[in-house]
Amino acid sequence: HKHSYQTDFWVCVQGNLKAGVYRESDHQRWQVVFGEKRPGILVIPPGLWHGATSVGAQNAGLLYYVSRAYNSDAPDEQRRAADSVPGFSWSPEHR
C-alpha cells in the first residue's frame, strides 16, 4: 500500500521482518531485513509503495508510528496486489 500524505516509522520489536519499498515513478525498489539481529527504524515517506512480511521461525512484531491520524471518512491509503511489482520477491533469501 502507499499513502499520499502520511509518513510511516517502523520498528521491528520481535523477530525479523522483510520490508519492501517501491517508487513507481522510476521503478526503483528496495528491500531490507531488520529486527532483533539488525535493529533500526525504517522511515517511509509519502508516495512510496511499501509492505512487510515476517521471516524466520519466530513471529515478528511491528511497532509503527504515523505522522497523520487515521481518517475513516477519507483514508490516506491506496492498495495493490503483493505480487504486482515486477522483479520483487517476498520470499526470504538466505545469504
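The rules behind each value
Residues numbered from 1 in each chain as written. Predicted model: local features only at pLDDT ≥ 70, side-chain atom pairs only at ≥ 80, totals over all residues. Heavy atoms only, no water. Pairing = 2+ DSSP bridges. Helix = DSSP H or I, 4+ residues; strand = E, 2+ residues; numbered from the N terminus. Axes fitted to C-alpha atoms, helices over the stretch in contact; angles between N-to-C directions. Buried < 20%, exposed > 50% of the residue type's maximum accessible area, 1.4 Å probe, protein only. Polar contact = N/O pair within 3.5 Å; in protein donor to acceptor, adjacent residues only side chain to side chain. Contact = heavy atoms within 4.5 Å. Core = buried A, V, L, I, M, F, W, Y, C linked by side-chain atoms within 4.5 Å.

## Let's talk about the sheet that holds strand 3 (residues 28-35)
For step 1, the next point in the chain: As summarised here, the arrangement of the three strands in space is 3-2-5, forming an open sheet in which the pairing is antiparallel. The open sheet terminates on both sides in strands that have one partner only, identified here as strand 3 and strand 5 (49-55). In this sheet, neighbouring strand axes are inclined to one another by 20 degrees on average, regardless of whether the strands run parallel or antiparallel.
For step 2, the next point in the chain: Relative to strand 3, strand 2 (residues 16-23) is paired through eight bridges, and the arrangement is antiparallel. Bridge pairing links lysine 18 to valine 33 in strand 3.

## Let's talk about the side chain of histidine 3
For step 1, the next point in the chain: Here histidine 3 is to be found in the segment before strand 1 (8-14).
For step 2, the next point in the chain: Residue classification places histidine 3 among the buried residues on the basis of a relative accessible area of 5%.
For step 3, the next point in the chain: Among the polar contacts made by the side chain of histidine 3, one reaches the side chain of histidine 1 at a distance of 3.3 Å.
For step 4, the next point in the chain: Only 2.6 Å separates the side chain of histidine 3 from the backbone oxygen of aspartate 76, close enough to count as a polar contact.
For step 5, the next point in the chain: With residues near it in sequence (within four places) discarded, histidine 3 still touches Asp8, Pro46, Gly47, His50, Asp76 and Glu77.

## Section: the environment of tryptophan 10
For step 1, the next point in the chain: Inspection of the secondary structure puts tryptophan 10 in strand 1.
For step 2, the next point in the chain: When its relative accessible area of 5% is taken as the criterion, tryptophan 10 is described as buried.
For step 3, the next point in the chain: On a C-alpha basis, the gap between tryptophan 10 and isoleucine 41 in space is 5.5 Å, while along the polypeptide they are 31 residues apart.
For step 4, the next point in the chain: The contact partners of tryptophan 10, leaving out residues within four places of it in the chain, are Ala19, Phe34, Gly40, Ile41, Leu42, Ile44, His50, Gly51, Ala52, Leu62, Leu63 and Tyr64.

## Things to note about the nonpolar core
Considering soluble globular proteins, one finds that nonpolar side chains tend to be buried as a cluster.
For step 1, the next point in the chain: Residues Trp10, Cys12, Leu17, Ala19, Val21, Phe34, Leu42, Ile44 and Leu48 constitute the largest nonpolar core, which totals nine residues.
For step 2, the next point in the chain: Of all the secondary-structure elements, those providing two or more residues to this core are strand 1, strand 2 and strand 4 (42-44).
For step 3, the next point in the chain: The element best represented in this core is strand 2, accounting for three residues.

## Re the pairing of strand 1
For step 1, the next point in the chain: By the bridge criterion, three bridges tie strand 1 to strand 4 in an arrangement that is antiparallel. Across the sheet, tryptophan 10 pairs through a bridge with leucine 42, a residue of strand 4.
For step 2, the next point in the chain: Looking at chain direction, strand 1 and strand 6 (residues 61-66) are connected through six bridges and run antiparallel. When the sheet's bridge partners are listed, valine 11 is paired in strand 6 with leucine 63.

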